[in-house]
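In case you want the letters, here they are:
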Amino acid sequence: MNLGKATALITGANRGIGRHLAAQLVTRGAKVYATARRPESINIYGVEVLPLDVTDPDAVTDAAEKADDVNLLVNNAGIGGAALLGDIDDVRAAMDVNFWGTLSMVRAFAPVLARNGGGAVLNIASSASWFVLPGGSAQGSAKAAVWSMSDELRRELAGQRTLVTSVHLGAAGTATTKGSHVPGTAPADVAHAALDGIEADAFEVVVDEFTVMANRGRARTPWSLRHRPWRRGAVRQ
């Protein structure tokens, strides 16, 4: 995908990875709609700001109507989560934002993308799709669902020439990963790798060494993960 000719909408663009995605897309020449639950918290040069809570169906529909020229949907909004056997409200919140919110955005914007010739959907997933640390099983379950959903949506949207890409990383120095013992990657580097993946038409972007190891260890028990050489910014096609 040529990002210099793209029109993108980004959820959760007020901080962290989302903010860097928005700023870097502007730098690459894209038109950008930057969204957040608190739009006043977005301060990025060159973007059009829209209010959006991905768990609010009316807000999602309104965003799809206002941003009717989008051909790149970036589902970045997400939250952490407690253990599955912890507070059930925290578990529901993790699923509501990470999974249902992402799916609601795709369902609303798929017709928009189709009318605009196809394009791409970028879903920010996690290493937790494959490897969950203690206390994070609610988020891990939600992110695993995002990964699985991305694979299925890729098939369902292929007929309208829409690429679906999932991005997987460990920690990125954001509020969601605060307190994590996973080695961190700068949010700017995550955004750069994700956008390079879209430009390369990759279906999966694996950002850091920890996540590469988690990916390779899917068929083994987590305790048998072994270090292997890795190159930053690797993409799967």
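The preceding data block contains the structure.
Structure report, in brief. (Residues numbered from 1 in each chain as written. Predicted model: local features only at pLDDT ≥ 70, side-chain atom pairs only at ≥ 80, totals over all residues. Heavy atoms only, no water.)

### Some remarks on the overall build of the chain
Next up, step 1: When its secondary structure is counted, the chain shows six helices and eight strands.
Next up, step 2: Overall, the chain shows an N-to-C arrangement of helices and strands of β-α-β-β-α-β-α-β-α-β-α-β-α-β.
Next up, step 3: Expressed as a percentage of its 237 residues, the buried residues of the chain come to 49%.
Next up, step 4: About 11,000 Å² of surface is accessible on the chain, with carbon and sulfur atoms providing 51% of the total. (Helix = DSSP H or I, 4+ residues; strand = E, 2+ residues; numbered from the N terminus. Buried < 20%, exposed > 50% of the residue type's maximum accessible area, 1.4 Å probe, protein only. Areas by Shrake-Rupley, 256 points an atom, 1.4 Å probe, with all protein chains shown as cover.)

### Observations concerning the pairing of strand β6 (residues 162-168)
Next up, step 1: Of all seven residues making up β6, seven are buried, and the element is well covered by its neighbours.
Next up, step 2: Judged by which residues are buried, β6 turns out to be covered on both faces: Thr162, Val164, Ser166 and His168 on one side and Leu163, Thr165 and Val167 on the other are all buried.
Next up, step 3: Pairing geometry for strand β5 (residues 119-124) and β6, over six bridges, is parallel. Looking across to β6, one finds that Asn123 is bridged to Ser166.
Next up, step 4: Sheet topology note: the β6/strand β7 (residues 204-206) ladder contains three bridges and is parallel. Residue pairing across strands places His168 opposite Val206, the latter belonging to β7. (Pairing = 2+ DSSP bridges.)

### Remarks on the environment of Ile44
Next up, step 1: Its place among the elements puts Ile44 in the loop between β2 (31-36) and β3 (48-51).
Next up, step 2: Note: C-alpha distance between Ile44 and Val26 (18 residues apart in sequence) is 9.2 Å.
Next up, step 3: Not counting the four nearest positions on each side in its chain, Ile44 is found in contact with Ala13, Arg19, Ala22 and Ala23. (Contact = heavy atoms within 4.5 Å.)

### Digging into the packing of helix α1 (residues 16-27) against helix α5 (residues 187-199)
Next up, step 1: Running from N to C, α1 and α5 point in directions that differ by 55 degrees, and their axes come no closer than 8 Å. Taken together, the axis directions place α1 and α5 in an arrangement best described as oblique. Remark: the crossing between α1 and α5 carries right-handed chirality. Residues Gly16, Ile17, His20, Leu21, Gln24 and Leu25 of α1 pack against Pro187, Ala188, Val190, Ala191, His192, Ala194 and Leu195 of α5.
Next up, step 2: Class assignment of the residues belonging to the contact of α1 with α5 gives a composition of nine nonpolar, four polar and no charged. (Axes fitted to C-alpha atoms, helices over the stretch in contact; angles between N-to-C directions. Parallel < 35°, antiparallel > 145°, perpendicular 65-115°, else oblique. Left-handed = near helix turned anticlockwise from the far one by under 90°. Nonpolar A, V, L, I, M, F, W, Y, C, P; charged D, E, K, R; others polar.)

### A closer look at the nonpolar core
Next up, step 1: Among the nonpolar cores identified, the biggest contains 32 residues, and Ile10, Leu21, Leu25, Leu72 and Val167 are the most heavily contacted of them.
Next up, step 2: Only β1 (7-10), α1, β2, β4 (72-75), β5, β6 and α5 provide two or more residues apiece to this core.
Next up, step 3: The greatest single-element share of this core, amounting to six residues, is contributed by α5.
Next up, step 4: Every residue in contact with Leu72, bar those within four places of it in the chain, is listed here: Met1, Leu3, Thr7, Ala8, Leu9, Leu25, Leu113, Ala120 and Ile198.
Next up, step 5: Of all hydrophobic cores here, the second largest spans 30 residues; its members include Phe99, Val106, Leu153 and Leu157. (Core = buried A, V, L, I, M, F, W, Y, C linked by side-chain atoms within 4.5 Å.)

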